[in-house]
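# Architecture at a glance
The lines below spell out each chain.
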Amino acid sequence: MIKVLFVTVGVICVVLGGIGVVVPVLPTTPFLLLAAFLFYRSSPKMHKMLLENRVFGKYLSNYFNGQPIPVRQIVISILFIWLGLGLTFYFADLPRWVVALLVSIGLAVSIYLSTRGKFTKTKKNI
């Protein structure tokens, strides 16, 4: 019963992570990491499929192995974050505290992305 729940929630997380690729405010990484954890605990087949997926597989493998994100991917990600936030600020009439919150989140994510891998040691294959 718990395995079915884990697989179901894992699939939902993959879908939300996929949506997060195109919607800048919705995070991709936490959903994919949660899906990988849930699949690891419930379905080795689904876990393997996620890690071998042509869209998310290399991304997750690099994350789990402590590999840095390629500079091009960092620049594109940060560009999309700020483009999405800028469009949100332009088209939505938001209270100042919401704007401040979104800018803070955007800054935190930008800093995280720009430093990803620089402070972690990569694991060597044994």
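### Some remarks on the environment of V99
Relative to the helices and strands, V99 is located in helix α6 (residues 96-115). Linking V99 and K45, residues 54 residues apart in sequence, is a C-alpha distance of 42 Å. Setting aside residues no more than four positions away along its own chain, V99 makes contact with F89 and L94.

### Section: a nonpolar patch on the surface
Taken together, the side chains of V11, V15, I19, V21, V22 and V23 present a nonpolar region at the surface, about 480 Å² in accessible area. With respect to the helices, strands and loops of the structure, I19 is situated in helix α1 (residues 2-22).

### Description of the nonpolar core
Counting residues in each nonpolar core, the largest one holds eight residues, listed as C13, L32, A35, A36, F39, L50, F56 and L60. The element contributing the most residues to this core is helix α2 (residues 29-42), with four residues. Apart from the residues lying within four places of it in its own chain, the contact partners of L60 are L32, L33, L50 and L51.

### Here's the deal with α1
For α1, which comprises 21 residues, the first-to-last C-alpha distance of 31 Å matches the rise-based estimate of 30 Å (1.5 Å per residue) to within 8%. Where the residues of α1 are buried, they touch α2.

### Quick notes on the confidence of the model for the protein chain
Residue-level pLDDT values for the protein chain average 84, and 90% of them are 70 or greater. Here helix α4 (residues 57-64) stands out as the element of the protein chain with the lowest mean pLDDT, 81, in contrast to helix α3 (residues 44-51), whose mean of 92 is the highest.

### Things to note about the packing of aromatic side chains
A full pass over the atoms with the stated rule returns one aromatic pair. For the pair Y90 and F91, a centre-to-centre distance of 4.9 Å together with 85° between the ring planes defines the contact as edge-to-face. Of the two residues, Y90 and F91, both sit in the exposed class.

Cut-off values and rules
- Residues numbered from 1 in each chain as written.
- Predicted model: local features only at pLDDT ≥ 70, side-chain atom pairs only at ≥ 80, totals over all residues.
- Heavy atoms only, no water.
- Helix = DSSP H or I, 4+ residues; strand = E, 2+ residues; numbered from the N terminus.
- Contact = heavy atoms within 4.5 Å.
- Patch = residues over 30% accessible without salt bridge, like charges linked within 9 Å, V, L, I, M, F, W, Y side chains within 5 Å.
- Areas by Shrake-Rupley, 256 points an atom, 1.4 Å probe, with all protein chains shown as cover.
- Salt bridge = Lys/Arg side-chain N within 4 Å of Asp/Glu carboxyl O.
- Core = buried A, V, L, I, M, F, W, Y, C linked by side-chain atoms within 4.5 Å.
- Buried < 20%, exposed > 50% of the residue type's maximum accessible area, 1.4 Å probe, protein only.
- Expected span 1.5 Å × (residues − 1).
- pLDDT = per-residue confidence, 0-100.
- Phe/Tyr/Trp six-rings, centres within 6.5 Å; stacked < 30°, edge-to-face > 60°.

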